[in-house]
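# Descriptive analysis of the structure
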Amino acid sequence: MKRHLKYFTLSLCTFLLSAGQASVLMTTLPLPGLQTSAAVAAPSPNAEPGGPILVITTTSDPFSNYYAEILRNEGLNTFSISDISSVSSEMLANYDVVILAKMTLSPAQVTMLSNWAASGGNLIAMRPDKQLSTLLGLTDTASTLSNGYLLVDTSKAPGSGIVNQTIQFYDTADRYTLNGATSLATLYANATAATSNPAVTLRSVGSSGGQVAAFTYDLARSVVYTRQGNPAWAGQERDGLPLIRSSDLFFGAASNDPQPDWIDLNKVAIPQADEQQRLLANLILTMNLDKKPLPRFWYFPHGKKAVVLMTGDDHANGGTIARFNQYKAMSPAGCSVEDWECVRGTSYIFLNTPITNAQASAFTGDGFEVGLHVNTNCANYTPTSLETFYAQQHRTFSNLFPSVPVSPTQRHHCIAWSDWASGFKVELNHGIRLDTNYYFWPPNWVGNRPGFMTGSGMPMRVADLDGTFIDVYQAATQMTDESGQQYPFTVNTLLDRALGAEGYYGVFTVNASFVA
Ligand SMILES: [Zn+2]
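Parameters and conventions
- Residues numbered from 1 in each chain as written.
- Predicted model: local features only at pLDDT ≥ 70, side-chain atom pairs only at ≥ 80, totals over all residues.
- Heavy atoms only, no water.
- Helix = DSSP H or I, 4+ residues; strand = E, 2+ residues; numbered from the N terminus.
- Donors = N, O, S within 2.8 Å, 3.2 Å for Na, K, Ca; no water.
- Buried < 20%, exposed > 50% of the residue type's maximum accessible area, 1.4 Å probe, protein only.
- Phe/Tyr/Trp six-rings, centres within 6.5 Å; stacked < 30°, edge-to-face > 60°.
- Polar contact = N/O pair within 3.5 Å; in protein donor to acceptor, adjacent residues only side chain to side chain.
- Domains from an automatic or database assignment.
- Contact = heavy atoms within 4.5 Å.
- Buried area = accessible area lost by both parts, 1.4 Å probe.
- Salt bridge = Lys/Arg side-chain N within 4 Å of Asp/Glu carboxyl O.
- Nonpolar A, V, L, I, M, F, W, Y, C, P; charged D, E, K, R; others polar.

## Focus: unusual backbone geometry
Along the chain, W441 connects to P442 via a cis peptide bond; the corresponding omega equals 0°. With respect to the helices, strands and loops of the structure, P442 is situated in the loop between β19 (434-435) and α13 (443-446). The omega angle of the peptide bond from Y487 to P488 is 10°, so this bond is cis rather than trans. Here P488 lies in the loop between β22 (477-480) and α14 (489-499). Positive phi, close to 35°, is recorded for R127, a residue that is not glycine. Here R127 lies in the loop between β5 (122-126) and α6 (133-136). Look at A316: it is not a glycine, yet its phi comes out positive at around 65°. Position of A316 among the secondary structure elements: in the loop between β15 (306-314) and α9 (320-330).

## Details of the coordination of the zinc ion
On the protein side, the zinc ion has H315 (NE2), H373 (NE2) and H413 (ND1) as donor atoms, found 2.0 to 2.1 Å from it. Exposure remark for H315: the relative accessible area of 27% places this residue in the partly exposed category.

## Quick look at the packing of aromatic side chains
All chains considered together, the criterion is met by 24 aromatic pairs. Taken together, a centroid distance of 4.9 Å and an interplanar angle of 45° make the contact between F397 and F401 tilted. Judged by relative accessible area, which is 2%, F397 ranks as buried. Relative to Y438, the ring of F424 lies with its centre 6.1 Å away and its plane at 5°, an arrangement referred to as stacked. Placement of F424 in helix α12 (residues 422-429) and of Y438 in the loop between β19 and α13 is noted, with a sequence separation of 14 residues between them. On the basis of relative accessibility, which here comes to 0%, the residue F424 falls in the buried class.

## Let's talk about the side chain of S114
By the element assignment, S114 lies in helix α5 (residues 107-118). Engagement of the side chain of S114 in a polar contact is seen with the backbone oxygen of V110, the distance being 2.7 Å.

## Some remarks on the domain arrangement of the chain
Note: interface size is frequently given as the accessible area lost on complex formation between the parts. Partitioning the chain into structural domains gives domain 1 (2-224 + 265-287) and domain 2 (309-331 + 346-487). In this assembly, 36 residues from domain 1 lie in contact with 39 residues from domain 2. In this assembly, domain 1 packs against domain 2 so that about 3100 Å² is buried in total across both faces, 67% of it on carbon and sulfur atoms. Put simply, domain 1 and domain 2 have one salt bridge between them. As a salt-bridge pair, E69 and R461 come within 3.2 Å of each other at their nearest N and O atoms. For the pair domain 1 and domain 2, the number of links is eight residue pairs in polar contact (both at pLDDT 80 or more). Looking at the side of domain 1 that touches domain 2, the elements that each hand over two or more residues are β1 (24-28), α2 (31-39), α3 (66-73) and α8 (272-287). Its residues assigned to classes, the side of domain 1 that touches domain 2 shows 22 nonpolar, nine polar and five charged.

The structure is reproduced here in structure tokens:
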């Protein structure tokens, strides 16, 4: 148990278990790790393990803290965090790499960072203060590009292994021309129209091995908005299908407000946010090579490249028991749940699902998860009404299943998702740490395209509208039995791209309903 907990604190990979296949984990919404983590204090999203990387944040922008989550996901568990107000030249001397979140700097802070880089430091600035332009080798054009695309130069070391197609970013980029820097990625006005402005740059400074890099947009904002959708559409009914769902945050063609989809479905095959995070990780590693190699954890246990998370909703159909027994029969003889070798799954059940406390408890003890399928009656909710649904239904669940621990994961019935984040906040209030409500649907929009609605295959923590962490992981449901997706085409395609040259690694969550 301790081993799993440790993985959990390092990165999310923890949720996953091994079935012993070559490169794919066939798993469940992971019981051992989650139950362990629920039993002890959850690690803070702002925890800093310490090491040669310094993340400089600012209290004026909570998104600045999200770089810590990106580093954890990328396995770069060797960082400290400091607010800019506490950063001094003496402090900087202790670090090899600085990630400077988007912020306004004083002239003295510009000088301090410039001197540190000139003396050998490796600075990566996110949508940098214009006062850093000279240091970064850039000339400001006083223009911007919002919610465009970028193309990574895969011939340069930091771009090695990154997708060689244009991908979307969701923020405002400042448009610069090169003035001493090298371009590592180019801004595109749309999927095919290149600009003359860089998206990511690198420059050597001084004679001590110092390097300075810039993302001309705020990677943290872009990652959050890629994963969680268009904040301007929160609470909007867009797809014309009754009930506001997570997919409405991505659906463009609303009849009263036709706009391009938030996710360009021509790019849905690509985990666009993950690729940009990976570019940052590559940049850190390559910039620091002349000082020291940095340790990096792989995404998933045992070097696996993909994980299939088995979940299903049981609307009192009573299919849970037979399916769980099927999973047990499919598991290797003598497999260890503790070592994540067995096929296991999660069932989100209605309160009137025909399963007894003894049965549910036995499955739970065997490594399965039996959780409440919170039901808003397929209606939109307010933060207050959702809290009431959770409180009442959890109370009933505990009365019916007194031997079953409260599940630390959740999917709402009908995928009700009425605003940006109250779903996450109410979940956290009820001990839930992992959410599967982001759901690739409806069928005519999905168009049988295997892919990533949220631009990510990585379970990562979510952010409120202002960027404040909410300590709940988002594991998007990419495969369902009600999205018009063909099988095994869909799962095979996702897994082939994870195991193949594309390297689109991920946790692929399934909703396979439990039908008796
Ligand atoms: Zn349901």
